[in-house]
Each structure stands twice: as structure tokens, then as C-alpha cells.
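# Coordinate inspection notes
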Amino acid sequence: MRITKKTKTIITFFLLLLILLGSVQRNTLSVQAEAAVPEKKVIKVAFPYIKGLSETDEKGNHQGLVVDYLNEIAKYTNWEYEYITGESEALITDFMNGEYDLLGGTFYSPDLETYFSYPDYTMGSNRAVLFCRKDNLDLRTYDLSTLNGKTIGVYEKADEKIRRLQEFLNFNGLECQLKYYKQKDMMNDTLYHHLENGEVDLLLGNDLEDIQNFRVIATFEAQPYYISVAHGEQEIMDELNMALRHILEGDPDFAEKHYALHFPEQRTADIQYDPEEVEYIKNAGKIRVAAVKDWHPYFCIDGDKQHHNGIIPDVLDEISESSGLEFTYCFADTYTDAIQMVQEGNADILGWFLDAEDAAREQGLALTKPFISMNNMIVKNNSVSYPSGNLTGAVLEGRVLPDDVQAENMVYYATTEASVKAVNQGEADFVYGLATSLETELQKPSYRNITPVTFYNTSTPVSFAMVRPVDPELLSILNKGISDIQEEEMDAITGRNFVSGSYVPVTLKELIYENPMAAVLIVAAFLLLILLIVVLIARSRVKSTVLQAELRRAEAESKAKGDFLSRMSHEIRTPMNAIAGLVDLTCMKEGLSGEVKGNLEKIRSSTKYLLALLNDILDMSRLDGGMLTIASEPFSLEHLLSEAEEMTRIQTQQKNQEFIFQTDITHSRVTGDPIRLRQVLTNLLSNAGKFTPPRGSITLKVKEEAFENGRAVYRFSVTDTGDGIAPEFQKQIFGVFEQLGTSSSKSEGTGLGLPISQNIVKLMGGELEVNSTPKKGTEFFFTLSLPVEAPEETNNPQKEPVSQEAFRGKRILLAEDNDLNAEIAEELLKMKGIRSERACDGQEAVFMFESHSAGYYDLILMDLQMPVKNGLEAAREIRSSPLSGGSTVPILAMTANTFQEDMDAAAKAGMNGFITKPVDSNYMYEILSEYL
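Note that the coordinates shown come from a computational prediction; the quantities given were computed from them, not determined experimentally. (Residues numbered from 1 in each chain as written. Predicted model: local features only at pLDDT ≥ 70, side-chain atom pairs only at ≥ 80, totals over all residues. Heavy atoms only, no water.)

## Quick notes on the overall build of the protein chain
Within the protein chain one finds 27 helices and 33 strands. For the protein chain, the residues scored as buried account for 42% of the 932 residues in total. For the protein chain, the proportion of contacts with a sequence separation of at least 24, taken over those separated by at least 6, is 73%. With an accessible surface of roughly 50,800 Å², the protein chain has 52% of that area assigned to carbon and sulfur atoms. (Helix = DSSP H or I, 4+ residues; strand = E, 2+ residues; numbered from the N terminus. Buried < 20%, exposed > 50% of the residue type's maximum accessible area, 1.4 Å probe, protein only. Contact = heavy atoms within 4.5 Å. Areas by Shrake-Rupley, 256 points an atom, 1.4 Å probe, with all protein chains shown as cover.)

See below:
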């Protein structure tokens, strides 16, 4: 048919019209689509720190229930957030003044509607908690009727929470009396003290309170949380309501899930052991647990390939911690043997039962509540199909094949490894068992003929088992202990015990089976390497043997020397303490004649000389062993020199000698070792006094020669006018036990003072030198560079002597195994009005301390070397004891062990001070006064 020109024009018109309409429609849809996407809007959120609701970590990340809701809301509103953090009061005030758009986590109150607006939907509710005292056993969580007639304390302004409480009481048919408290009734912002003193039976709180000292009886939903909007922001309110409605429609459990995520510690009720159970725990002794050793992941203690204890020990540790029940393990070779141990009474409970109640009942056992679920699986031989007819199944002895696993015949094996080998070799068609055990076996390369059945995977609840009829208290305690394990703690237990499950050691046999050619090459290379090593070792063995023998001999000699000196130091100081103590006690008696006092002073002087001799020998020994160290602490050089001057001046006056003391110091506060510096100066001044005749002179000069970069250089010099030292002997004097001079002067010392002083000066960074001319005198001098400290204001008044009354009535526990030393110490204490009670060893000291109430003993004097239990062990046990104030009572070591290691060990054991033997009574009284 021919198309006319008119027809073409009409068709063209309609086509253009359709194109125009299509364009208009596309534009309209585009405009509608653009209108459907909300414009991005920045919302200012007041974000105070509220645990679980709105938190900000150290990296500035915002988190909490409020953030979860805002992130979900942004999906519907296209909002972007600017979080403003700060103090809660300031942020809430600014929000009420309209400076921010949103504030999350608020409770509803009609009074607050004046300042901001609430949306139509909440963001979940917190939970109210009713809690009581832990010792109130009349209230039981499983029997709410015990709440009838009780008084509940509430805060009067918690309107919504009180309303929910009344609903809870009405729903459960409970009649309780509410006691209202005001703000003024609070102490430290809590009402806990009203519950503690018995004014109320229960207290209404929330699940976020730290109520560790109380017991939760019941919980219920309380006040709902809201995301509040600033006044006048109607557009934001409309968008917020729209988003919250969609969230609740799409995921009704959103609030509950996210609340649990941010408040995992919420409690519904606390476990409480009744008096019968408490008595059972007290008298039960250790509960015997039957277990198979090294069976991952149940029991892995002492396993040769695991680095965790196992699920059972970890679970029982948790039960032991919460209940006080103690456990011990009885080991069996197989799972069946473990069951038999319980059945025959050789164990109290089975560590893990792997089947359901019906299987336990058939074996005469009863189960606790499950504490974990384990997956089972099936592994088949590659030559068969599962499921099918005529199959032979393998299973662990003691386990039961479930009804949904079909087998014509059953074969039982003692171990999982034996059952898997049977399936691999075709002796059985499949094996049913725990997935963890079967997966471990499947990793071995020697199993080429087996495959797991992937579609079969069921779980089995794992429980403890005990013989029927059960001990009701034990079963109840175990169930309560399992219930008391928090879900996150149980997750942690399973997580750390499953972590090493994939580790399977590969034996040499399996390696050869898997890669025979590689195994041959490895063995050949290994043998060649051994051959080379043997050749090298053979060439050096003789030399190495000699060197090792010499080293062992030197180490043995050094150790023997150190042990001998330490032992001799203790053995010598012990009788010296008795001598010094008896002298002190005798000197304190009245009516002594002059001759007796003189003799006692000579004994005291000899004792001090013996002590100085012993100290010199020990110092020299420690120098030889490289064990003597220099301390670094601030001290006053002027004060140290003043003490040295006072001591020397007294000694020179007694010998009719002249003492000259000259100092030129700008900086007195320095850092160094004042004890060792005083020791060097004392040795040099003492030597000068020995070798200077009467009417001779001794001079101590100290001069600050330079100061730069915070360090001062000091020159120390001790000069005498004695006989001097000949040049050929000036190096000899620094040798050990070397003495020059007359026989009388030689007898006054050990010959160790100068070598000790020389080594100490070297450790301080200096060099002790001598300059002497025969018949004219001798000068010993050295130079030290010491860091200078900032000067201190000295406004410390002199300590007044401690009065007798400060000690009177105090009681001290004296731990001393030596009868004579104990008698002396008791007498010294008695003279100050102090009562003492003696323990003859460390074990007796612990027993005596724990047998009395806190504060009975004001202080403990503890010897270190004692039989049964030494002083360090006794101090640690007392410090760890929760009874009798063990963490606070002062403990002072009083011992003949005087090395720095002994002082450090005493401090580490928890001792407060250190008194060395022989005991200086004045020093002992001064130390006692600090703690009494």
C-alpha cells in the first residue's frame, strides 16, 4: 500500500510527540529520584562519656550503643555526624541551650520536655536490679515468694524505675514495702549503706552498678533510653522518627542485641551456695576427677604438643574459684577406663561424658548440666558410600552410636587413632566420633583411603558425670559452678584450648610414606652433615675438653669460695650477736664497778674489730668476684665530710694527735655512693692514725677543682706526719694482706683497707695514689668527677629521742631459732616495755600470726635462716594471707645474712626493713620507733 505525504506527516508528528513525552518522563523520574535521596546534613551530637552508651577511645574513635543507633539511622537519613566530647554537665547544658542537635542515652522525664524533645521510639531499655546482702540466705533467686513482706529501698526520683518495679511485683504476686530515699540520704552517691546496716532487705539499682559486695536476686526491664532532639528541630525529629520506625520494623531485636554487645557484664541473678553446700565444701577435701591424659582439647596438662591446660582443667579452675571446691586428677589410659574408675568408686566424677542422658543412665551415671557442646562427624573409607546398607561402623569404647547413624555391625576401639586406622585399612567402613579428634588424625599423610562425610555434623553436650545415686550437694555445687561461668569466659576457655588443635607432629615413617625420594635426599644430606661435624669436633675436642674442665674448676672454686664466705659470715655473726647483745644488756645494768665497765668496753671494742675484719674480708671477696657495685643516689658531701671529721677528731684526741680539716667546696649536693666514699675516707684516716705518732698531725683536704656541664671535680687528700713509705714499697701496699711499719701497727689491721679502697675508687672512676717520703710522712689522694644535684632547702629539725612510752604496751612476734639470740632480743625489747612472743621457726611464726586477729601483733622481727620454713618463705606467706592484716603488719629482717642480695630478697619477700647482726641496740630502737 502506498503511503501518502499526509500520512507521513501525521506519523512524524506522533513520533516527535512520543519522543517529547519520553524526555519529559525521564526528566520527571530523574527529579523524583533526586528528591528521593536526602541531602547530606551534618548533625552535631553532644557526646559525653557514658560507659557502654557513648565512649571515645585513646585514638579518638567513637563507640557505644548510641553510636550503633546513629550509624544505623544514617543509612535512612544520609546524616553525617560531628561528635562533640567534653564534660557531661557542660555538654548537657549546651544541648539544652540549642547548641547541638542530638543527645543520646537520655531517660524520659516530663520536666525535661521543657528543654528538648523525645522521639516516638526508644533505643532499648536498661535493666533494673534487686540486690541484697550476700549473707542474707533467706532470699532465693529461684523462689521469688521469699521476697514477700520485705522492704525495698528506692531513690524517690527514679519514677520510671519505681513504676517498673511495682509492675514486676504485681506480675509475680509479691507484696513488698517500698522505702523512699532522698539525695541527702546518699553516701558517696549511693544508698548501699542502708542495705549494709540492715535498714532495708533489698535495694533497687541497675545492672551497670558495681555491686560486687552484694547478691543479685532479680532483674527486669527499667527505664528506656532515648535519642533526644534539640527544641525547634522538627525536620530532624521527623527524619529520626522515620529511621527508628524502619529499624524496629526491619530488625525488632536490634536494641536487645546491641545492648548485650556493649553491656556483656549484665547479670540476671547471682549464684549463692546454701549452708549445706558450704558445709560440704568445707569438709569434702579434694574431689577426684577421672580423666584421660593428653587428650586434646579436654586435658592437655603436661602434653608433649600443646601449650594450654585443656577445657576440663580450665572449667574446674573456674568452679573452684567461685565455690572453693578443690579438685585432683586420677588418670586413665582410655575413655572406657575413666568411666570404669567412676563406676567402681575410684574417682568421684568423670571429667567429660560425651553422650546424652539416656546413654549415661544405661551406664549407671548421672550428668551435670552441660558446660560446652562438641561437634561429631563421620569419616568413611573411600571404597564405600555413606549412607548405604551393610556397613560396619567404628566407634570409641564407652560411646553410643546415635539413632541417625545407620550401621549393620559395630566395632569398638580403645582410641580414636585405632578406629581411624581401622577405617583406612578397610577393617571398618566408617568411624563416628568427635570432630576435633578425627580432624587431628585426618591431617596425618599416611591416611590416603579415608574421606570425611561433609553433610553429617551434629553436636553433643559435654557434662561431668557421677555414679547414681548422686551426692545431691556435689551435683548442686557443680551445676551452680557451671552456671556461674560467664559466657565470655567460656568463649575464652574454648578459644585458647582449640587454638593448637591443628598441630599434628609428623613422624619419620609418615614423612617417608608421603615423599620417599625427598626423604632419601634429606637422610643423605643429614648423614653428610653429621660426617663433617664429626671431623670438626674431633679436631677441637681435646682443646675444648681442657678449656671446659678449667672453666668448671674455676666456677666450682668461685662458688665454693662464695658459699664458704657467706656461710662463715652467718656463722660468725650469730655468736658475735650473742656477745654484743650480752655486753649491751650488762652495760645497761646499774651498780657495775669501773673495772667491770672497762672490761665490757674492751669486749665491745674487740667485737667491733672482729666485725670490721669480717666486713673487710667479705668486701675483698666480692671485689675479686666482680660482685661489688657502686650506688648512685643524691647526698650532701659537706654532711659526709662533717661526719668523717667528727669521728676522726675523737680518735686523734684519744691518741694525742693533731687533726686538720680543710675544705674548699662550692657544690655540696652530688650524686654517687656515700656509703662507699665514707668507707674509703674512713680507711685512709684510720691508716693515717695508726702510723702517726703522738703529737703528730693528720690532715683531710677536699677541694673542688672544676665544674663543667653539671659535673664537679673533687680532689680528696689524707696526709700524715708518720714514718713514710720507702719508694720500693709504695706499690706493694695495695696488695692484699700487705702491712708495713712496726709490729704493733701491723697488728691493728687486716691489710685489706687499702686494696679495698683502691678498688672502690676505681669503680667510682678515679685512681687512689700515694706520695710519700721516708721520715716525713705520707699523702693518699684521689680525684672524682660527680654529677651535681640542685641544692635542697635544709629545714629538717633534729629528731627527738624516742620516749619509753612510745614502746610501752606494744607486742612483737620474734621469729628466731637461736635460743641465746632470742633471749637477748627479748630482753632488749623488754627493757623498752615491749612485749614479745617467740616463734622457733618460720612455720611456727606463720601459725602464731594467723592464729590471732588483725592488730594483735604490732610488728614482726624475722630471722632469715631458720629450720622448717625460712624467714623469706614465712614473710611471703604472711603477706599473701587474707587473715590478721598480713598485708599491712610491719616485718623487719633481723639476720646475720648481710649481703646486698639478702637485703634485696627480704624486700622482695615483703619485708619493710633490715637489721643486721650483731644487733646495734640503739639502731634497733630507732628502726622500731619508725614502725611502732
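The discussion continues.
## Concerning the confidence of the model for the protein chain
Of the residues in the protein chain, 83% reach a pLDDT of 70 or more, and the chain-wide mean stands at 82. Considering only residues more than four positions removed or in separate chains, one finds that residues 1-36, a stretch of pLDDT under 50, has one contact. (pLDDT = per-residue confidence, 0-100.)

## Some thoughts on the side chain of Lys 161
With respect to the element layout, Lys 161 can be found in helix H4 (residues 159-171). Setting aside residues up to four positions removed in sequence, Lys 161 forms contacts with Ala 128, Leu 204, Gly 205, Asn 206, Phe 220, Ala 222 and Gln 223.

## A short note on the sheet that holds strand E30 (residues 835-839)
Each strand in a sheet pairs with its neighbour through backbone hydrogen bonds, running either in the same direction (parallel) or in the opposite one (antiparallel). Overall, parallel pairing links the five strands, which are arranged E30-E29-E31-E32-E33 in an open sheet. The sheet is open, and its two edges are formed by E30 and strand E33 (913-916), each paired on a single side. Adjacent strand axes in the sheet meet at a mean angle of 25° when their direction is disregarded. Relative to strand E31 (residues 859-862), strand E29 (residues 811-815) runs parallel, the two being bridged by four bridges. Following the sheet pairing, Ile 812 is matched in E31 by Leu 859. The strands that helix H23 (residues 819-831) touches are E29, E30, E31 and strand E32 (891-895); relative to E30, the one it contacts most, it runs at about 165°. (Pairing = 2+ DSSP bridges. Axes fitted to C-alpha atoms, helices over the stretch in contact; angles between N-to-C directions.)

## A word on the environment of Phe 716
In this structure, Phe 716 sits in strand E26 (residues 711-720). Taking the relative accessible area as the measure of exposure, Phe 716 reaches 1% and is therefore buried. Distance in space between the C-alpha atoms of Phe 716 and Val 702 is 4.7 Å, their sequence separation being 14 residues.

## Quick word on the packing of aromatic side chains
One pair of aromatic rings is described through two measures. These are the centre distance and the angle between the planes. Tallied over the entire structure, the rule returns 26 aromatic pairs. Each ring, one from Trp 295 and one from Tyr 335, has its centre 6.0 Å from the other, and the planes form 75°; the classification is edge-to-face. Residue Trp 295 is located in the loop between strand E13 (286-292) and helix H9 (311-323), and its partner Tyr 335 is located in helix H10 (residues 335-343); the two are separated by 40 residues in the primary sequence. Each member of the pair, Trp 295 as well as Tyr 335, carries the same accessibility label: buried. Seen in terms of ring centroids, Phe 716 and Phe 782 are 4.9 Å apart; in terms of plane orientation they differ by 15°. Their pairing is stacked. With a gap of 66 residues between them, Phe 716 in strand E26 and Phe 782 in strand E28 (residues 777-787) connect regions that are remote in the sequence. The pair Phe 716 / Phe 782 is uniform in exposure class, with both members buried. (Phe/Tyr/Trp six-rings, centres within 6.5 Å; stacked < 30°, edge-to-face > 60°.)

## Some thoughts on helix H24 (residues 842-850)
Buried within H24 are the following residues: Gly 842, Ala 845, Val 846, Met 848 and Phe 849. End-on, the buried residues of H24 take up no more than an arc of 165°, which puts them together on one face. On its buried face, H24 sits against E29, E30, E31 and helix H25 (871-880). The opening residue of H24, the one whose side-chain oxygen lies 3.1 Å from the backbone nitrogen of Gln 843, is Asp 841. (Arc of directions from axis to C-beta. Polar contact = N/O pair within 3.5 Å; in protein donor to acceptor, adjacent residues only side chain to side chain.)

## Let's talk about the pairing of strand E15 (residues 349-353)
Burial runs high along E15: five of the five residues are buried. Pairing of E13 with E15 involves two bridges; the strand directions are parallel. Counterpart to Val 289 in the pairing with E15 is Ile 349.

## Regarding the environment of Tyr 155
Looking at the element boundaries, Tyr 155 is found in strand E8 (residues 151-155). Exposure remark for Tyr 155: the relative accessible area of 21% places this residue in the partly exposed category. Measuring from C-alpha to C-alpha, the distance between Tyr 155 and Gly 205 comes to 8.9 Å, with 50 residues separating the pair along the chain. When sequence neighbours within four positions are dropped, the list of residues in contact with Tyr 155 reads Ile 162, Tyr 181, Lys 182, Gln 183, Met 186 and Leu 191. A polar atom in the side chain of Tyr 155 sits 3.1 Å from the side chain of Gln 183.

## What to know about helix H2 (residues 65-77)
When the terminal C-alpha atoms of H2 are compared, their 18 Å separation across 13 residues agrees well with the 18 Å that a helix rising 1.5 Å per residue should span. With ten of 13 residues buried, H2 lies mostly within the body of the structure. Listing the buried residues of H2 in full gives Leu 65, Val 66, Val 67, Asp 68, Tyr 69, Leu 70, Glu 72, Ile 73, Ala 74 and Thr 77. Positive backbone phi, approximately 60°, marks Asn 78, located one or two places after H2. (Expected span 1.5 Å × (residues − 1).)

## Focus on the sheet that holds strand E1 (residues 41-48)
Ordered in space as E4-E1-E5-E12-E6, the five strands form an open sheet in which the pairing is mixed. Every other strand in the sheet has two partners, leaving strand E4 (79-86) and strand E6 (116-117) as the edge strands with one partner each. Sheet analysis places E1 next to E4, joined by eight bridges and oriented parallel. Bridge assignment links Lys 44 to a residue of E4, and that residue is Glu 82.

## A short note on a nonpolar patch on the surface
A grouping of Val 523, Phe 526, Leu 527, Ile 530 and Val 534 is seen on the molecular surface, where their side chains present a nonpolar patch of about 440 Å² in accessible area. Position of Phe 526 among the secondary structure elements: in helix H17 (residues 516-587). (Patch = residues over 30% accessible without salt bridge, like charges linked within 9 Å, V, L, I, M, F, W, Y side chains within 5 Å. Salt bridge = Lys/Arg side-chain N within 4 Å of Asp/Glu carboxyl O.)

## Observations concerning the environment of Ile 834
You can see Ile 834 is positioned in the loop between H23 and E30. When its relative accessible area of 4% is taken as the criterion, Ile 834 is described as buried. Sequence-wise, Ile 834 and Gly 809 are 25 residues apart; in three dimensions their C-alpha atoms are separated by 5.8 Å. Apart from the residues lying within four places of it in its own chain, the contact partners of Ile 834 are Phe 807, Lys 810, Ile 812, Leu 829, Leu 928 and Leu 932.

## Some points on the nonpolar core
If you look at the biggest cluster of nonpolar residues, it comprises 52 residues, and the most contacted ones within it are Trp 352 and Phe 353. Sequence-distant contacts of Phe 353, that is, excluding residues within four places in its chain, are made with Tyr 335, Ile 339, Ala 359, Ala 360, Gln 363, Leu 365, Leu 367, Pro 461, Val 462, Ser 463 and Ala 465. One finds Ala 644, Phe 734, Leu 752 and Leu 754 within the second-largest nonpolar core, a separate group that totals 37 residues. (Core = buried A, V, L, I, M, F, W, Y, C linked by side-chain atoms within 4.5 Å.)

## Overview of the side chain of Glu 239
Position of Glu 239 relative to the elements: it lies in helix H6 (residues 234-250). The exposure class of Glu 239 is buried, given its relative accessible area of 18%. Every residue in contact with Glu 239, bar those within four places of it in the chain, is listed here: Lys 41, Thr 77 and Trp 79.

## Here we look at the pairing of strand E12 (residues 226-230)
Of all five residues in E12, five are buried; the element is thus mostly enclosed. Looking at chain direction, strand E5 (residues 102-106) and E12 are connected through four bridges and run antiparallel. Its bridge partner being in E12, Leu 103 is matched across the sheet by Ser 228. As paired elements, E6 and E12 share two bridges and run antiparallel to each other. In the sheet register, Phe 116 faces E12, and the bridge partner there is Ala 230.

## Re the pattern of salt bridges
Enumeration over the complete set of coordinates arrives at 25 salt bridges. With a closest N to O distance of 3.5 Å, Asp 135 and Arg 133 form a salt bridge. Where Glu 643 meets Arg 678, a salt bridge forms, and the shortest distance between an N and an O atom there is 3.1 Å. Of this pair, Glu 643 sits in helix H19 (residues 637-654) while Arg 678 is found in helix H20 (residues 674-690), placing the two residues 35 residues apart along the sequence. In the salt-bridge network here, residues are joined through shared partners; they are Glu 160, Arg 163, Arg 164 and Glu 167.

## Section: unusual backbone geometry
A cis amide bond links Tyr 386 with the next residue in sequence, Pro 387, at an omega value of 0°. Here Pro 387 shows up in the loop between strand E17 (372-381) and strand E18 (392-396). The residue after Lys 917, namely Pro 918, is reached through a cis peptide bond having omega 0°. For Pro 918, the position within the fold is in the loop between E33 and helix H27 (921-931). The residue Asn 188 is not glycine, and still its phi comes out positive at about 55°. Within the secondary structure, Asn 188 sits in the loop between strand E9 (177-181) and helix H5 (192-196). Overall, Asn 188 belongs to the exposed group, its relative accessible area being 71%.

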